[in-house]
There are 2 protein chains.
Amino acid sequence: MAQKTISRAVVKRLPRYYRYLGELMNDGVERISSRDLSGRMNITASQIRQDLNNFGGFGQQGYGYNVRHLYDEIGKILGLDRTYSVVIIGAGHLGQAIANYGNFERRGFVFRAMFDIRPELSGQILNGIPVYPTSMLETYLSKNPADIAALTLPKESAQEMTARLVAAGVRGIWNFAHVDLDVPEGIVVENVHLSESLMRISYRLNNPEGEEQGENG
Amino acid sequence: MAQKTISRAVVKRLPRYYRYLGELMNDGVERISSRDLSGRMNITASQIRQDLNNFGGFGQQGYGYNVRHLYDEIGKILGLDRTYSVVIIGAGHLGQAIANYGNFERRGFVFRAMFDIRPELSGQILNGIPVYPTSMLETYLSKNPADIAALTLPKESAQEMTARLVAAGVRGIWNFAHVDLDVPEGIVVENVHLSESLMRISYRLNNPEGEEQGENG
């Protein structure tokens, strides 16, 4: 597919399209109009057509979208036609929660190992995933390259750990630590800042009219 | 403060301002120019001035921003000048990870109780928080009203549980289940869809040039 600039807003919506199309497939639906998809997703039909036009359309006038085809195409765009090796740095509750979430593996994200500085965790197998001491990170990654690292550790260690991961060839950082990371160009950081998410709730509870309407999420 | 329409993008940035200002305060910084704040936050100075103008400014020409004053004001805007009672529905790893995260409590989000359908968890105290059977939800909430509920349960139960929570007076839903929820007007839903976050990483790993530039997060 030819490279073009896709807006961040569209990229943010793509996984949601993918989820709805997957559910339609599970329900045995073979085709759907942008209007019907619009009703389910609470996005306007014209927004849907505009979003999908970014990727060359896939819809046919008077027929709508072929659900499986669109699902497969969006999956390819999202890079889900291959697998990703993921390591988790920090084997606390959050690390284990992520390791435990089976849906990721079905999408091609394979959690290979966890690392933790706490000696009592080393050598354990948590939810089927081995826990290694953090000191073994470089040795491990030199033999078992990873695409993505989930940072589920205290923010004080996050920047240093990111530098070690990037030096060891990891290109995607899934950052749960409550800090913004400095990374070289070409390294992808996706932040999940849970406190900020919680503060948006308190804001919205106190400002019921003070917010623009927008789609979910 | 007079109600006005604040764009969702600005609301999304406010918690990040709040975090940086809190760190500046911890570092003993008393005042800061929009230019210095810009350098730290990787947002343009004009964007910062524009964002903060939404709330009446707080900056003084030639002086910059008083860090503590701005921190307090943004805290008030975010509704952090009061406390919120939070319950967690689903006492698995993710529920425990959230319960375990001390920073939330410092911001005024007090986790009071967890609920789980698994009988073996009832009566336990996990990270200092009691676990009750889900069947006791309404009885508990009638005696201990909660502002916010975190949904850390399988998606199949999320909609039904949301209806029960809303009927019992909960107005904020922090939704970790991988499904969009239908709620009555006035109920706030904040979604944390982890699979979608992971798919944005795979997208960006495969489309290094195919994305607009934007600030962190």
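Overview of the structure. Since this is a predicted model, take the numbers as computed values, not measurements.

Focus on the pairing of strand E8 (residues 148-151) of chain A
Residues and elements named next belong to chain A.
- Because side chains alternate across E8, one face comprises the buried residues Ile148 and Ala150, and the other comprises Ala149 and Leu151, equally buried.
- Here four bridges tie E8 to strand E9 (residues 172-175), and the two strands are oriented parallel to one another. Within the sheet, the bridge partner assigned to Ala150 lies in E9 and is Trp174.
- The handedness of the E8 to E9 crossover, carried by helix H8 (residues 155-167), is right-handed.

Considerations on the side chain of Ser85 of chain B
Residues and elements named next belong to chain B.
- Note on placement: Ser85 falls in strand E4 (residues 84-89).
- A polar side-chain atom of Ser85 sits 3.0 Å from a polar atom in the side chain of Arg112.
- Excluding anything up to four places from it in sequence, Ser85 contacts Val110, Arg112, Pro145, Ala146, Asp147 and Ile148.

A short note on the sheet that holds strand E7 (residues 129-133) of chain B
- Taken together, the seven strands give an open sheet; going across it, the order is E6-E7-E5-E4-E8-E9-E10 (chain B), and neighbouring strands pair in mixed fashion. The two strands at the open ends of the sheet, each matched to only one other strand, are strand E6 (125-126) and strand E10 (188-191) of chain B.
- Note that E6 of chain B and E7 of chain B share two bridges and pair antiparallel. By the bridge assignment, Leu126 of chain B is partnered in E7 of chain B with Ile129 of chain B.
- Set on the sheet, helix H9 (residues 194-206) of chain A makes contact with E4, strand E5 (109-116), strand E8 (148-151), strand E9 (172-175) and E10 of chain B; between it and E10 of chain B the angle comes to about 165°.
- Together, E4, E8 and E9 of chain B form the strand contacts of helix H8 (residues 155-167) of chain B, whose direction differs from that of E8 of chain B by roughly 170°.

Some words on the sheet that holds strand E4 (residues 84-89) of chain A
All names here are of chain A.
- In spatial order, the strands read E6-E7-E5-E4-E8-E9-E10; together these seven strands make up an open sheet with mixed pairing. Each edge of the open sheet carries a strand with a single partner, namely strand E6 (125-126) and strand E10 (188-191).
- Pairing of E4 with E8 involves four bridges; the strand directions are parallel. In the sheet register, Ile88 faces E8, and the bridge partner there is Ala150.
- Strands in contact with H8 are E4, E8 and E9; relative to E8, the strand with the most contacts, it is inclined by about 170°.

Parameters and conventions
- Residues numbered from 1 in each chain as written.
- Chains lettered and ligands numbered in written order.
- Predicted model: local features only at pLDDT ≥ 70, side-chain atom pairs only at ≥ 80, totals over all residues.
- Heavy atoms only, no water.
- Buried < 20%, exposed > 50% of the residue type's maximum accessible area, 1.4 Å probe, protein only.
- Helix = DSSP H or I, 4+ residues; strand = E, 2+ residues; numbered from the N terminus.
- Pairing = 2+ DSSP bridges.
- Right-handed = clockwise from strand over helix to strand, strands pointing away.
- Polar contact = N/O pair within 3.5 Å; in protein donor to acceptor, adjacent residues only side chain to side chain.
- Contact = heavy atoms within 4.5 Å.
- Axes fitted to C-alpha atoms, helices over the stretch in contact; angles between N-to-C directions.

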